[in-house]
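Residue strings, one per chain:
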Number of protein chains: 2
Amino acid sequence: MDKLIYLVPAMGVLGLLYTLVKFKWVSQQDAGSDRMKEISTYIADGAMAFLKAEWKILAYFVVIVALLLGFMASSNPHSHWSIAIAFVIGAFFSALAGFIGMRVATKANVRTANAARTSLKKALSVSFTGGSVMGLGVAGLAVLGLGGLFIIVKALLVPDGSSVNSADMVKAIEVLTGFSLGAESIALFARVGGGIYTKAADVGADLVGKVEAGIPEDDPRNPATIADNVGDNVGDVAGMGADLFGSYVATVLATMVLGQETIAVDAFGGLSPILLPMLIAGIGILFSIVGTWFVRISDSAGISTDAVQKALNMGNWGSIVLTAIASVGLVYWILPETMSLRGHEFTKWGVLGAIGVGLAVGTLMSIITEYYTAMGKRPVMSIVRQSGTGHATNVIGGLAVGMESTLLPILVLAGGIYGSYACAGLYGVAIAAAGMMATTAMQLAIDAFGPIADNAGGIAEMSELPKEVREKTDVLDAVGNTTAATGKGFAIASAALTALALFAAYVGVIKNNGYDLGDAINIYKADVLASLFVGAMIPFIFSALAIRAVGEAAMSMVEEVRRQFREIPGIMEGKGKPEYDKCVAISTDASIKKMMLPGAIAILSPLIMGFAFGPEALGGFLAGATVSGVLMGMFQNNAGGAWDNAKKSFEKGVEINGQIYYKKSEPHKASVTGDTVGDPFKDTSGPSMNILIKLMSIVSLVVAPTLAQIHGYGIPEVKAPAQKVENTTTAKAGVIATADNAVVYSTK
Amino acid sequence: MDKLIYLVPAMGVLGLLYTLVKFKWVSQQDAGSDRMKEISTYIADGAMAFLKAEWKILAYFVVIVALLLGFMASSNPHSHWSIAIAFVIGAFFSALAGFIGMRVATKANVRTANAARTSLKKALSVSFTGGSVMGLGVAGLAVLGLGGLFIIVKALLVPDGSSVNSADMVKAIEVLTGFSLGAESIALFARVGGGIYTKAADVGADLVGKVEAGIPEDDPRNPATIADNVGDNVGDVAGMGADLFGSYVATVLATMVLGQETIAVDAFGGLSPILLPMLIAGIGILFSIVGTWFVRISDSAGISTDAVQKALNMGNWGSIVLTAIASVGLVYWILPETMSLRGHEFTKWGVLGAIGVGLAVGTLMSIITEYYTAMGKRPVMSIVRQSGTGHATNVIGGLAVGMESTLLPILVLAGGIYGSYACAGLYGVAIAAAGMMATTAMQLAIDAFGPIADNAGGIAEMSELPKEVREKTDVLDAVGNTTAATGKGFAIASAALTALALFAAYVGVIKNNGYDLGDAINIYKADVLASLFVGAMIPFIFSALAIRAVGEAAMSMVEEVRRQFREIPGIMEGKGKPEYDKCVAISTDASIKKMMLPGAIAILSPLIMGFAFGPEALGGFLAGATVSGVLMGMFQNNAGGAWDNAKKSFEKGVEINGQIYYKKSEPHKASVTGDTVGDPFKDTSGPSMNILIKLMSIVSLVVAPTLAQIHGYGIPEVKAPAQKVENTTTAKAGVIATADNAVVYSTK
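Residues numbered from 1 in each chain as written. Chains lettered and ligands numbered in written order. Predicted model: local features only at pLDDT ≥ 70, side-chain atom pairs only at ≥ 80, totals over all residues. Heavy atoms only, no water.

Student: How do you make sense of the pairing of strand β3 (residues 344–347) of chain A when you look at a structure like this?
Tutor: Looking down a regular strand, the side chains alternate between one sheet face and the other. Residue and element names in this part refer to chain A. Only one face of β3 is covered, namely the face carrying H344 and F346; the face carrying E345 and T347 is uncovered. Of the pairings in the sheet, the one linking strand β2 (residues 338–341) to β3 comprises 4 bridges and is antiparallel in character. Note that in β3 the partner of T338 across the bridge is T347. Between the antiparallel neighbours β2 and β3 lie 2 residues, among them R342 with a positive phi of about 50 degrees. (Buried < 20%, exposed > 50% of the residue type's maximum accessible area, 1.4 Å probe, protein only. Helix = DSSP H or I, 4+ residues; strand = E, 2+ residues; numbered from the N terminus. Pairing = 2+ DSSP bridges.)

In structure tokens, the structure reads:
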């Protein structure tokens, strides 16, 4: 029965095979005219240039961190130097996930444009297949990586006969955290760097092109146009790919860490709680593939968003329902009747309930997010009305909508935490997130098809294809905007649950390594409270840096375009060739420079807190950062989405105080201001929040054994009289007893 | 030696006597020409109309809450029905504090304008005396109220011979929390209502007057002008007066609650830790009076801000240094060598250290806030530069500055929490806040003089006094802007420390009432974590409601002014008399309606959390709300202040990319957008945050005995195996043992 574990990497391979086959299929589609091919080559080359520049910097980062990790791990009996290798693999896979996405997106964009010359059905087919290549590539890599590594480290580090709750298994799982650390840290840099890139190019191209030179959007004479289209690929595609790869891995891993602590008498030597999240992920891949078959529209559908949205919903819900049904069977089959984690007993039915809670939270989150950002609904309409009195009231309206939009999602999330915990304790919180993330492949396919369609529209414009082509890509793009907004709601909810699970895992590792937390991260101790403040401040600083970076990088872009307009003869007559690569390089350099400091803050701040103030202060820090990060993420994503759609509402005309206003009216100009303010909110800092909170938790989890080692020697200051020495050993007696150095660390 | 307590109300009476004498002095000054008197009467009447309307609504609120409180308290053996009376007195005093401030401000404004016809020295003298009447009135009422009530409840509820750590004393202090609840809840309504009023009138008057009708600011033809000037008095004066009254009381009270729990063998029957904060407040009154003597400039000073700022600094530092020196003597005299609170031992030197930490935190906070909002410094200059590329980049720049400005204050605050706790445990955190707030009278005098000078300028303009008069009031106004910004930094820091002290007090009351918290509010329990999220969301919702209210109320104002321009014949020629009172009524009604929901959220949300999910969940909720409220407060105050000064920078001309821009330039228009966005940030929602977090903590503290009563019966679910039954009794054996019903509640 132990062979079940091999199913996991097998599912990963299945996902990658699908990726390969469909990638070939996309490549074989006709890329259209020479002009289209030329433009798409520019875009692909620009995207590749960014990724190469990014990788060059990140390579140094990976090598340095790997050395530090290896050094730290090898001097700690509860860790192992191979964590450094896991880290490198995680980083490599994350970069690969972004690369696959970028490659297929820069192929699918031009082919979607070409397919749109035929029919909407064909265009949807190409763009969605492009998205699904990315989705299954990401999920396949994640499942293969986690499953494969688990098999290897288990074989190397866990002797036969060693219990799943043993110190050996703790060590094996600890090595896996390195994989997640690699994945998530690359994800952060990719998301932030890509986010700065895309918005800098977007804003920069618009400011000089549309405003100063008076040429239309996507005009090939504008040297920044290609950079703008490259931005869609490196930000919305490669950045998102790395992001979701990291999230997916982190979620499954968090459940595995808690699963390792869970005491379960099953047919798999107690392994079932560890296997479950990986198996659900594997099933998710299978049914995501099945789900892609549902995404199709008939030739007679006409050119409307409804049919496309319905097709995507079919695929999405198909894969979710099938995965949920299969999960019921799986849970019923592999889990024992009852389990316990840190003294909290729960049943297999509880685990099923927690998965149900996770799915419900994800669904509600998407619905609420859509409400707050959709055209025609109250929130967006309130911003439209407030555009009538100028720029300032539009901005105030958007900020108010963004802040208000945190109410329901937070209540849903709090209910989800409460509910999943009630179902199956901390394991329930983790498995709820894992359930939500099971169909990541399908989610990502739906998300990634948006920017592909967006790019297809740009290429159609630049290649001067007939208006009908653009109409079809616009329909796809409009649906993509909706899925992008709901995807963000989903992402922040799953990130919150994952961060909490990682937080719980961190607490467990600290305690299992012999540091006495006195059974609690006590919020009313002064150092914990102080750390709570510091943690909650990090998302504010991170956001400040990210949105300022967009502003400054946009300015660099403006300078370069002005220079080219000045110095290249005949550029405005379409005779002189713009130096697209210079703009791409400017945007690339600026974004890579500006991603460093926020990235460093994310990685270093938990280290400083932990090493300087101890494991409990770090716990307070993580809680503060998670709570504030989730709120800032929702606030910024939803404000940005609402501003965007308030602006779009003017395209068809809106009524304000009995008068109809269209594009170019004063209220429309005010709405453009809000949209521009929202750009870095919704595409740079907002979506980084979910990576930020997970990354900080993973960093803490990775260094937890060393933290316990450093702070665990000697007796911590007694702060409350009622802390009992006996407490230490009760929580996880098994582990402490079997850990070879337990005696050394045993506190007090 | 017990007679020492009578010193406290005596100091309160001293403050009130000063208030009375100086109020008379201000009244006796010449109010200038008939035109000036007429205008000032309009303003005074408008302000009175608002206060009356506000009181009418709040009277219902006070009666209902008092009845509920009395009912709740009388069915709880650890409380007493007289808490309802304390509540009513607190509410009344708070309203009275606002009333005194408003009355003197509406007298001092016109007299300052008239004094400015003579000299700057005279104008400063009148306006600052006006401010100090308010400052000493507020402080006097607070000290008299707290000291007097303490003497009365002690006489009524604590039998002779009953220990200071006895259940009787717990009950007496519990009654005092009612006083603080009354003060702080009126403060919240006054601050939010006043904040909405002032910004609605401001924005509304500008939109129709300056933009639509093309008449200058403060033009008497604009029906909203008076409302605008009324707004300064009800928002910046009456609102702030109630705010600081509430804060001052809450801070002293929090220290008293923790002081009651402190075990101290002294010459005052163990009372010294309770007496200390009240005595320090009393000393603060004395030396604030002394400090006012230092605030003077010479006739030869010339018309410059430097001399005025220096005079105010002299007064401020004089009172702080004198109070600090006297506090050293006081601590040395009344406190015993060592004390202990919940098993944490500390010395009198530690208490002195904690007071020092509090003063250091307050000073640093003011300096940092000034840096982020001052003209010519990097943050404001970055916004100025970003105004060069339009409205959107200006807004992005301001948001980034606001978010970034949380970094240093949070580190200082965290250091302050850590440091004051290290000095004297939780009592240290509380006394640090009390030390910061000791010279509230002087702080408030300095704060309140700003809006008086601002109003004086408006009256000078409307009465067409010579330009030199306006120049002098502008100097005072400019200094007032600086002191307003730093005052906000100070307020949020002291609020954070106070909220933490109240939080600790809440935990103590819950435990002393026999509910077993297992020695901790454990952040990694699911319900606590879920509550942390919900709590952190409240400041976002509160802010959303407040800033939206300003937008909507401004629209109502615009409608009314348009109507008057249309319907009153000859209004534009200065012949038809504008119906000022209609605008005042519009603004009054709108602001009072819109203050209800945010106020209700602040009061009801902790009740819902506590009664539905229990004391520990409420603890998580409070921690989340405090952390997020502090951050949102800093973010909004500093962003608003920076936007304001970025706009003001254009008055003297600024250089952007080598070109000089002045008022009316495109970059200046962009900066006006930012300033308008910042208006509700810095004058409505931002400054409400510090009341919000304290009020929620006080509500929790007041209902704590009932919460413990309801949730304490029966055995709470065992969530971790290591919770020990014995823990309960160790923390505060004295109280549990002497409480008559201890046996009934004793958990498990």
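Text resumes after the structure shown.
Student: I tried to follow the sheet that holds β3 of chain A on my own but got confused; where do I start?
Tutor: Whether parallel or antiparallel, the strands of a sheet pair through hydrogen bonds between backbone atoms. All names here are of chain A. Across the sheet, 3 strands lie side by side as β1-β2-β3; this open sheet has antiparallel pairing. Among the strands making up the open sheet, the edge pair consists of β1 (263–264) and β3. By the bridge criterion, 2 bridges tie β1 to β2 in an arrangement that is antiparallel. When the sheet's bridge partners are listed, I263 is paired in β2 with S340. Where helix α9 (residues 348–373) meets the sheet, its contacts fall on β2 and β3, and the angle it forms with β3 comes to roughly 80 degrees. (Contact = heavy atoms within 4.5 Å. Axes fitted to C-alpha atoms, helices over the stretch in contact; angles between N-to-C directions.)

Student: What am I meant to see in a nonpolar patch on the surface here?
Tutor: Taken together, the side chains of V13, L17, L20 and V21 of chain A make up a nonpolar region of the molecular surface, amounting to roughly 370 Å² of accessible area. Note on placement: L17 of chain A falls in helix α1 (residues 7–28). (Patch = residues over 30% accessible without salt bridge, like charges linked within 9 Å, V, L, I, M, F, W, Y side chains within 5 Å. Areas by Shrake-Rupley, 256 points an atom, 1.4 Å probe, with all protein chains shown as cover. Salt bridge = Lys/Arg side-chain N within 4 Å of Asp/Glu carboxyl O.)

Student: So what exactly am I meant to see when it comes to the nonpolar core here?
Tutor: As a rule of thumb, soluble globular proteins bury nonpolar side chains together. One finds F150 and V351 of chain A together with F150 and V351 of chain B to be the most contacted residues of the largest nonpolar core, which totals 546 residues. Ignoring sequence-local partners within four residues, the contact set of F150 of chain A consists of I5, M169, I173, L176, M256, L271, I274, L275 and M278 of chain A. (Core = buried A, V, L, I, M, F, W, Y, C linked by side-chain atoms within 4.5 Å.)

Student: Explain the packing of helix α12 (residues 407–437) of chain B against helix α17 (residues 615–649) of chain B here, please?
Tutor: The description of two packed helices rests on the angle between their axes and on the distance between the axes. All names here are of chain B. Where α12 meets α17, the axes come as close as 10 Å, and the angle between the chain directions of the two elements is 140 degrees. In this structure, α12 crosses over α17, and the sense of that crossing is right-handed. For the pair formed by α12 and α17, the contact residues are P409, I410 and L413 on the first element and V630, L631 and M634 on the second. Tallied by class, the residues present in the contact of α12 with α17 amount to 6 nonpolar, no polar and no charged. (Left-handed = near helix turned anticlockwise from the far one by under 90°. Nonpolar A, V, L, I, M, F, W, Y, C, P; charged D, E, K, R; others polar.)

Student: How should I be thinking about the pattern of salt bridges in this particular structure?
Tutor: Two side chains that carry opposite charge are able to pair once their charged atoms sit near each other. Summed over the entire model, instances satisfying the criterion amount to 54 salt bridges over all chains. We note a salt bridge from D243 of chain A to R191 of chain A, for which the minimum N-O separation is 3.1 Å. Of the two residues, D243 of chain A is situated in helix α6 (residues 225–261) and R191 of chain A in helix α5 (residues 167–213); the sequence distance between them amounts to 52 residues. Looking at R191 of chain A, the relative accessible area reads 10%, which means it is buried. With its nearest N and O atoms 3.5 Å apart, the salt bridge here joins K199 of chain B to D679 of chain B. In this pair, K199 of chain B sits in helix α5 (residues 167–213) while D679 of chain B sits in helix α18 (residues 666–712), placing the two residues 480 residues apart along the sequence. Just as K199 of chain B is buried, D679 of chain B falls in that class too. It is possible to trace a salt-bridge network through shared partners that takes in K199, D202, K488, D644, K648, D679, K682 and D683 of chain A.

Student: Mind showing me how you'd approach the interface of chain A and chain B here?
Tutor: One frequent convention defines the size of an interface as the accessible area lost when the parts assemble. With 72 residues of chain A at the contact, the number on the chain B side is 72 residues. Summing both partners gives a buried area of about 7,200 Å² for chain A against chain B, and 79% of it is carried by carbon and sulfur. When residues of chain A are sorted by the area they lose upon contact with chain B, M403, Y524 and F533 of chain A head the list and together hold 12% of the total. For the pair chain A and chain B, the number of links is 2 salt bridges. Linking chain A with chain B are 2 residue pairs in polar contact (both at pLDDT 80 or more), by the criterion used here. When contributions to the side of chain A that touches chain B are tallied by element, the ones reaching two or more residues are α11 (391–404), α12 (407–437), α14 (467–512), α15 (526–567), α17 (615–649), α18 (666–712) and α19 (727–730) of chain A. Ranked by residues supplied to the side of chain A that touches chain B, first place goes to α15 of chain A with 16 residues. (Buried area = accessible area lost by both parts, 1.4 Å probe. Polar contact = N/O pair within 3.5 Å; in protein donor to acceptor, adjacent residues only side chain to side chain.)

Student: Whenever I open this one, the relation of the copies chain A and chain B confuses me. Can you help?
Tutor: Here the second copy of the chain follows from the first by a rotation about an axis and a shift along it. Laying chain A over chain B is done by rotating through 180 degrees and shifting 0.0 Å along the axis; what remains is an RMSD of 0.0 Å. Such a combination of turn and shift is consistent with a two-fold rotation axis. Nearest to the rotation axis, the C-alpha of N522 of chain A is located 2.4 Å from it, this being the minimum over chain A. A high fraction, 100%, of the interface residues of chain A reappear at the interface in chain B, so the copies pair face to face through one surface. (Least-squares fit on C-alpha atoms with pLDDT ≥ 70 in both.)

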